Each structure stands twice: as C-alpha cells, then as structure tokens.
Amino acid sequence: MRLRTRLTERFGIEHPIILAPMGVLAGGRLAAAVSNGGGLGLIGGGYGDAAWLDAEFAAAGDARAGCGFITWSLANAPELLDLVLARRPAALMLSFGAPEPFATRVRAAGVPLICQVQSMPRARAAIAAGADVIVAQGTESGGHSGTRSMLNLVPEVADLLAATAPDTILVAAGGIADGRTMAAALMLGADGVLVGTRFIVSPESAAPAGFHAAIVQADGDSTIKTRTVDIARHRFWPEPDLVARVLRNRFVATWHGREAELTELPARTAASERYWAAFDAGDADNTGVLMGEAAGIIHEVRPAAGIMADMVEEAGRLLAAGPRLVAG
Ligand SMILES: Cc1cc2nc3c(=O)[nH]c(=O)nc-3n(C[C@H](O)[C@H](O)[C@H](O)COP(=O)(O)O)c2cc1C
C-alpha cells in the first residue's frame, strides 16, 4: 500500500511517517530502521551531547537520518547544531522554544527545517522562521507537549497554512499509533504523521524491555502530565505550559503533588540518584517513562518497518472505505 502525500513527494520517501526525535530512545538504529522501512528517521538529539550524537549518526550507517533538538536546550550548546549540519542530515527538527537564531542557520545550510508546535502563536513563529514542515503536536503525545488537543490544533494550523503559507507541509503528532489514528490525522488536513510512543515499542529502539512491557500493559489512562520527572532530572523547562506526559508509576505516585519537597535538597539529590539507577536498570516503575496516551492501542513489540506497513495498510483501507455508516 502506498499513501502518497506532499510529505512523501518532498522528501522522496515511501510512507508519510516521521520518527519523532525522542531524546535517547530514538538513536541511530531506530532512525535507520524507520528510514530503511520507507519513513523518515530522526535521531533524538534531546538536550544535546556531542559524543552521543556522533555515536548515533555512526550507528545509522548509510541510512538517511535527520535529527531533532530541544530548542531552548540547544541555546546552551549552539555548537551542536554545526556538528549535526556538517553531517548533511535529511532534516533538522526544532521543538520547544523560539526557532531563531537556529532556523536561519539550518536554512542557510540547505537542510529541510521541521518545527514542532503546540499552539497557534508557535505555529506563526514557525512560519516566520521559514519552516518547510510544521508538526502540530497534541497534548496526547508522549513526552513534553502543550495543552491543545491534536483534533483541533491540526485543522486550525491547516487553515492558517492554507491562508498564509500554502507550500508549508503539515504533519500531525500525538496519539498516532495505528491506521485509524493515522487516517484521522490525514483527514484533518495533515500531509503525514510524526510518531513517537509506537516506535518505542520496537526492537530497534533504545528502550529497555521493561519500558516495552510497561507500554504494552498500559492503557491511555495510565499516563499523567507531571513536572516530577523534570525536577528529578534537573531539567528546568522555561515555558510553563510544556509539561511531560509519562507513565503513572511508583515514582510518580511518590512525588506528584510533592514537587516543592522534591525540589529541595537533599531530597532532590537522593531521588535523582534513585531515578537514574532505575532508568539504567530499565526499571519502569521507579523512573520516568515518557509515553503517550497511544499506549492504550499498542499491544505488541513490532519491528519499525512492520509498524509502518501495518499503519499505512490500515489507514489506506479505512480512507478508501470511508466511515462506518449505517445503510439507508
Ligand atoms: C520518550 C519520548 C521522548 C521524547 N523526546 C523528545 C525530544 O527530545 N524532542 C522532541 O522534539 N520531542 C520529543 N518527544 C515528543 C515527540 O516529538 C512527539 O511529539 C510525540 O512522541 C508524539 O506523540 P506520540 O508519542 O503519541 O506518538 C518525545 C516523546 C517521547 C515519547
């Protein structure tokens, strides 16, 4: 099954699916698996680490790979952008923060610029920055997101683009994990989808088996938006509406609602040490497991290429058949 859209044509890819640049979990192996399977793989540059980026671009081998950064964090280490641009990435994605001055450097390098946005002011800023692709990210998403739902943000951004920047490609993110959700996003006006949580549950992701199992067992009610994970990781997000969605596990049950206490030393240091020890051990109950509401429709570990083939097959079938109407 082929679903050809402006996204597939612009990037010369088979499926209109982009791997979300998930910090640490979307490494070179997963990015390569998505690109080799017909999508566009983005390495999750996250908070930025030159040695990690080098290793993950090497792990992607000959596969086409792009990269994504957390924009406000990139401002603390702007040299990382040059390091990645020198590798001629397939695309460079900026999320969570003002796109300039980085956007200008990305465009000057001739690399396609993707901006992920969570609100209409951020969509306007992305247009002003000359984004080739805008990802409208709903609050269902795993990891950090804003407060808008994908269902209304995507068509609202689609209308804005139609009126002011018709050549800009629109991609939907948040809760997309199967053919149904993909078809819905395309019907809302998206040219493609950006997928995170579903790809974590693949053998090619860097997630430990404990994270896979936690997502497969979870339903959509098992996630919560909380600042506790960022406090434990000493990540201080500057914009208050951007909060991480994570598994509602023992770590969250212990600290959610006690953020002030967690912020105080020495509790923060002790909690942080336990957090990272559990993360390294793949203990999904005692660390932060960033994941979205899509967990409720993810039931098995599946290779990235198979995930995409299933999504496109089901979405194509649903789009051709139309909605489930009663005859007469
Ligand atoms: C584990 C995890 C880590 C993430 N890290 C980043 C990140 O470093 N940069 C970024 O732009 N988005 C990040 N995101 C958000 C994704 O870009 C994307 O918006 C989200 O995964 C889409 O929703 P979904 O998880 O329901 O597919 C992350 C998401 C997850 C689940």
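Scroll up to find the structure this text is about.
Structural notes, computed from the coordinates. Please read all numbers here as calculations on a predicted model, not as lab measurements.

## Considering the overall build of the protein
- Tallying secondary structure elements over the protein gives 16 helices and 11 strands in all.
- Taken over the C-alpha atoms alone, the protein extends approximately 60 × 55 × 40 Å along its principal axes.
- Put simply, the protein has 328 residues, and 56% of those count as buried.
- Considering only contacts in the protein between residues 6 or more positions apart, those separated by 24 or more positions represent 63%.
- For the protein, the computed accessible surface area is about 13,400 Å², with 54% contributed by carbon and sulfur atoms.
- If the 28 positive side-chain charges of the protein are averaged to one point and the 34 negative ones to another, these points end up 2 Å apart.

## Focus: unusual backbone geometry
- Residue P101 is reached from E100 by a cis peptide bond, and omega for that bond is 10°.
- Mapped onto the elements, P101 comes out in the loop between β4 (92–95) and α6 (102–108).
- Following L265, the chain continues to P266 via a peptide bond in cis, the omega torsion being 0°.
- Secondary-structure assignment places P266 in the loop between α14 (259–263) and α15 (267–281).
- Backbone geometry at V24 places phi at a positive 75°, although glycine is not the residue there.
- Its location among the elements puts V24 in the loop between β1 (17–19) and α2 (28–36).
- One non-glycine residue, F96, lies in the positive phi region at around 70°.
- When you line up the elements, F96 lands in the loop between β4 and α6.
- We classify F96 as buried; its relative accessible area is 10%.

## Digging into the environment of R87
- Mapped onto the secondary structure, R87 falls in the loop between α5 (79–85) and β4.
- For R87 and A65, which are 22 residues apart along the polypeptide, the C-alpha to C-alpha distance reads 9.6 Å.
- Contacts of R87, omitting those with residues within four sequence positions, involve D54 and F57.
- One polar contact links R87 to D54, side chain to side chain, over a distance of 2.9 Å.

## What to know about the nonpolar core
- I17, F69, L92, V157, I176, M182 and F199 are the most contacted members of the largest nonpolar core, which has 98 residues in total.
- No other element matches helix α8 (residues 150–164), which puts 7 residues into this core.
- Excluding anything up to four places from it in sequence, I176 contacts M150, T181, M182, A185, V193, V195, R198 and M311.
- Counting 12 residues, the second-largest nonpolar core is a separate cluster that includes V229, A232, F251 and Y275.

## Description of α8
- The end-to-end C-alpha distance of α8, which contains 15 residues, comes to 21 Å, matching closely the 21 Å that a straight helix rising 1.5 Å per residue would cover.
- Looking at the packing, one finds that the buried side of α8 touches β5 (113–117), α7 (120–128), β6 (133–137), β8 (169–173) and α9 (179–187).

## As for the site of the ligand
- In the region of the ligand, 23 residues are neighbours, and S95, Q137, G175, G196 and T197 sit closest.
- With respect to the ligand, the side chain of S141 contributes an N or O atom lying 3.3 Å from an oxygen atom.
- In isolation the ligand exposes 590 Å². Once the protein is present, 97% of that is buried.
- Every element with two or more residues in the shell around the ligand is listed here: β4, β9 (192–195) and α10 (197–200).

What counts, and where the lines are drawn
Residues numbered from 1 in each chain as written. Predicted model: local features only at pLDDT ≥ 70, side-chain atom pairs only at ≥ 80, totals over all residues. Heavy atoms only, no water. Helix = DSSP H or I, 4+ residues; strand = E, 2+ residues; numbered from the N terminus. Buried < 20%, exposed > 50% of the residue type's maximum accessible area, 1.4 Å probe, protein only. Contact = heavy atoms within 4.5 Å. Areas by Shrake-Rupley, 256 points an atom, 1.4 Å probe, with all protein chains shown as cover. Lys, Arg positive; Asp, Glu negative; His and termini not counted. Charge placed at Lys NZ, Arg CZ, Asp CG, Glu CD. Polar contact = N/O pair within 3.5 Å; in protein donor to acceptor, adjacent residues only side chain to side chain. Core = buried A, V, L, I, M, F, W, Y, C linked by side-chain atoms within 4.5 Å. Expected span 1.5 Å × (residues − 1). Near = heavy atom within 4 Å.

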